[in-house]
Amino acid sequence: MDYIKDFEKIVSQQLSRVEKMKQTQDFIDYQSLDKIIIGVIGGDGIGPIITAHAKRVLEYLLGDEVKKGKVEFRTIEGCTIEKRAAAGKAIPDDVLDEIKKCNVLLKGPTTTPRKGDKWANVESANVAMRKELDLFANVRPVKVPELGIDWTFFRENTECLYAMGSQGINITDDLAIDFRVITTQGTERIAKLAFDYARKNGKKRVTIITKANVVKTTDGKFLEVCKRVAKDYPDIEVDDWYIDIMAAKLIDEKRRSQFEVMILPNLYGDILTDEAAEFQGGVGTAGSANIGTRYSMFEAIHGSAPRMVEEGREIYADPSSVIRAGAMLLSHIGYQKEADKLFDALEICTVTEKKLKVTGRPDGATGAEFADYILEKVSE
Ligand code: NAD
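The following paragraphs examine the structure supplied in this document. Note that this is a predicted model, so its numbers are computed, not measured.

1. Things to note about the overall build of the chain
Along the backbone of the chain there are 15 helices and twelve strands. Here the C-alpha atoms of the chain give a radius of gyration of 21 Å, agreeing with the 21 Å that 2.2 N^0.38 yields for 380 residues. Considering only C-alpha atoms, the chain reaches an extent of 65 × 50 × 45 Å along its principal axes. Out of the 380 residues belonging to the chain, those deemed buried represent 52%. Nonlocal contacts in the chain, meaning residues at least 24 apart in sequence, comprise 74% of its contacts between residues at least 6 apart.

See below:
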């Protein structure tokens, strides 16, 4: 009956999390800090290579700020699968301490081992970081002007099935149970961020995505709370869809361009945004922001691509995902002019001029050549 104790522990952890969330904090104003410390985490697989390209671009754009002492780039070592597995922790304690000394992070993808892998089966570094730094909103834009696509996904980042992914219980050899958590406070804050974004950016519609007809308790709460928050935004139209038909509607040419801002629980958001990124040229092109009130972390939406490394193709990995994340970082910490410059360069290099094509294979440009191309455009 040990599992009853395990379950009690889970409930008590989540209830204290709810209490913490009730003490709402204001968002940090990065520009009011004496110095903004940008931590750079290379990660695993293709991560260190593509992240170094993005760092090079950001260092160029923020060169004057670094000289003035307003911005510091700080490399964080040790967030690798080898070190994490050896420490038996999702993020080793000393690495977490270093991370917490930064204000904002640019992060390469990190490998998450699964049962049977050569490494200890540690929790996902991403999930741990999102929980530790309370990065509750995962914002993932996908834009394909020629298809009329301009979507911004607000994926809840700290709850759902992922929050307790390593706390499932094997009740017997035959029965395994995982837990899914949705809270009023967790849903309210992601919904408010999405509606505020919609209002600020002139978007007319927000779409809530769940499977509330079947997953009645947790998705039911998510939908109900989002609809309650929506009442404070009467100027914005609201609709709700179930995740299965939503996955289909992203492919429906007549319907898809009507979607603008979407709010989803963690798991559905993870899956749907990978599908969405495919329209833009694949996961290698998509960046994301993980936003909290005190910290924020910016990364590609894809993983460490171990197959590319095994096949010796890591130099051909597309860095535009993490460069795009870097543009989002610039905007978030108050360097909008530099961010716009970088977004424009990405548009020129991947859509309008597209002098180089990154394919992930030797028939395309290398990541370094693409980063040079971006630098050429931002310095024009
Ligand atoms: P993946 O996203 O790493 O790669 C899948 C495939 O997508 C690759 O084989 C490659 O063909 C393509 N791809 C990905 N990034 C690319 C790029 N920049 N340029 C060109 N092609 C690219 O997915 P996976 O193989 O399922 O996951 C590998 C590891 O990454 C796992 O351990 C997983 O847990 C982890 N992961 C980490 C994150 C993160 O750190 N945010 C996110 C997802 C997965």
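2. Concerning the nonpolar core
Counting residues in each nonpolar core, the largest one holds 66 residues, and the members touching the most others are Ile38, Ile263, Phe298, Leu342 and Ile374. At seven residues, helix H13 (residues 320-332) tops the list of elements feeding residues into this core. Built from parts of two domains, this core gets at least three residues from each of domain 1 (25-135 + 292-380) and domain 2 (139-283). Aside from chain neighbours lying at most four places away, what touches Ile263 is Phe154, Ile190, Ala191, Ala194, Phe195, Val206, Thr207, Ile208, Ile209, Phe222 and Cys226. In this structure, Ile37, Cys102, Leu105 and Met297 belong to the second largest nonpolar core, which totals 18 residues.

3. Looking at the pairing of strand S11 (residues 287-291)
Extensive coverage of S11 is indicated by the burial of five of its five residues. By the alternation rule, side chains of S11 split into Gly287, Ala289 and Ile291 and Ser288 and Asn290, which are all buried. Of the pairings in the sheet, the one linking strand S4 (residues 137-144) to S11 comprises three bridges and is antiparallel in character. The residue of S11 that forms the bridge with Asn138 is Asn290. Pairing of S11 with strand S12 (residues 296-300) involves five bridges; the strand directions are antiparallel.

4. A short note on helix H11 (residues 266-280)
For H11, which comprises 15 residues, the first-to-last C-alpha distance of 21 Å matches the rise-based estimate of 21 Å (1.5 Å per residue) to within 8%. For H11, every residue scored as buried is listed here: Asn266, Tyr268, Gly269, Leu272, Thr273, Ala276, Ala277 and Gln280. The arc that holds the buried residues of H11, viewed along the axis, is 155°, so those residues lie on one side. Within H11, the exposed residues directed more than 90 degrees away from the buried face are Ile271 and Glu278.

5. A short note on unusual backbone geometry
The residue Asp134 is not glycine, and still its phi comes out positive at about 50°. The residue Asp134 is located in the loop between helix H6 (125-132) and S4 in this model. Of note in the backbone geometry, Lys354 takes a positive phi value of approximately 45° without being a glycine. Mapped onto the secondary structure, Lys354 falls in the loop between helix H14 (336-352) and helix H15 (367-378).

6. Some words on the sheet that holds strand S5 (residues 149-156)
Either a parallel or an antiparallel arrangement is found when strands of a sheet pair, and the pairing is made through backbone hydrogen bonds. The mixed open sheet is built from ten strands, whose spatial order is S2-S1-S3-S12-S11-S4-S5-S10-S8-S9. A strand with exactly one partner marks an edge of an open sheet, and here the two such strands are strand S2 (71-76) and strand S9 (237-242). With direction set aside, neighbouring strand axes in the sheet form an average angle of 20°. Relative to S12, strand S3 (residues 104-107) runs parallel, the two sharing four bridges. From the neighbouring strand, Leu105 faces S12, where its bridge partner is Met297. Where helix H7 (residues 184-200) meets the sheet, it contacts S4, S5, strand S8 (205-210), S9 and strand S10 (261-264), and its direction lies at approximately 160° from that of S5.

7. Regarding H6
The buried fraction of H6 is high, at six of eight residues. By the N-cap criterion, in which a side-chain oxygen at the helix start approaches the backbone nitrogen of a residue two or three places on, H6 is capped by Ser124, the distance to Asn126 being 3.2 Å. Asp134 sits one or two residues past H6 and shows a positive phi near 50°.

8. With respect to the pattern of salt bridges
Applying the stated rule across the entire model yields 30 salt bridges. One salt bridge in this structure joins Asp270 and Arg155, with 3.5 Å as the shortest N-O distance. With Asp270 in helix H11 and Arg155 in strand S5, this residue pair connects regions lying 115 residues apart in the sequence. Exposure remark for Asp270: the relative accessible area of 21% places this residue in the partly exposed category. A salt bridge links Asp252 to Lys249; the nearest nitrogen and oxygen atoms lie 2.8 Å apart. By sharing partners, the salt bridges in this structure join Glu353, Lys355, Glu376, Lys377 and Glu380 into a single network.

9. What about a negative patch on the surface?
Side chains of Glu146, Asp340, Asp344 and Glu347 sit close together on the surface and give a patch of like negative charge. In this fold, Glu146 is placed in the loop between S4 and S5. Its relative accessible area of 60% is what places Glu146 among the exposed residues.

The rules behind the values
- Residues numbered from 1 in each chain as written.
- Predicted model: local features only at pLDDT ≥ 70, side-chain atom pairs only at ≥ 80, totals over all residues.
- Heavy atoms only, no water.
- Helix = DSSP H or I, 4+ residues; strand = E, 2+ residues; numbered from the N terminus.
- Rg over C-alpha atoms; globule rule 2.2 N^0.38 Å.
- Buried < 20%, exposed > 50% of the residue type's maximum accessible area, 1.4 Å probe, protein only.
- Contact = heavy atoms within 4.5 Å.
- Core = buried A, V, L, I, M, F, W, Y, C linked by side-chain atoms within 4.5 Å.
- Domains from an automatic or database assignment.
- Pairing = 2+ DSSP bridges.
- Expected span 1.5 Å × (residues − 1).
- Arc of directions from axis to C-beta.
- Axes fitted to C-alpha atoms, helices over the stretch in contact; angles between N-to-C directions.
- Polar contact = N/O pair within 3.5 Å; in protein donor to acceptor, adjacent residues only side chain to side chain.
- Salt bridge = Lys/Arg side-chain N within 4 Å of Asp/Glu carboxyl O.
- Patch = residues over 30% accessible without salt bridge, like charges linked within 9 Å, V, L, I, M, F, W, Y side chains within 5 Å.
- Areas by Shrake-Rupley, 256 points an atom, 1.4 Å probe, with all protein chains shown as cover.
- Lys, Arg positive; Asp, Glu negative; His and termini not counted.
- Charge placed at Lys NZ, Arg CZ, Asp CG, Glu CD.

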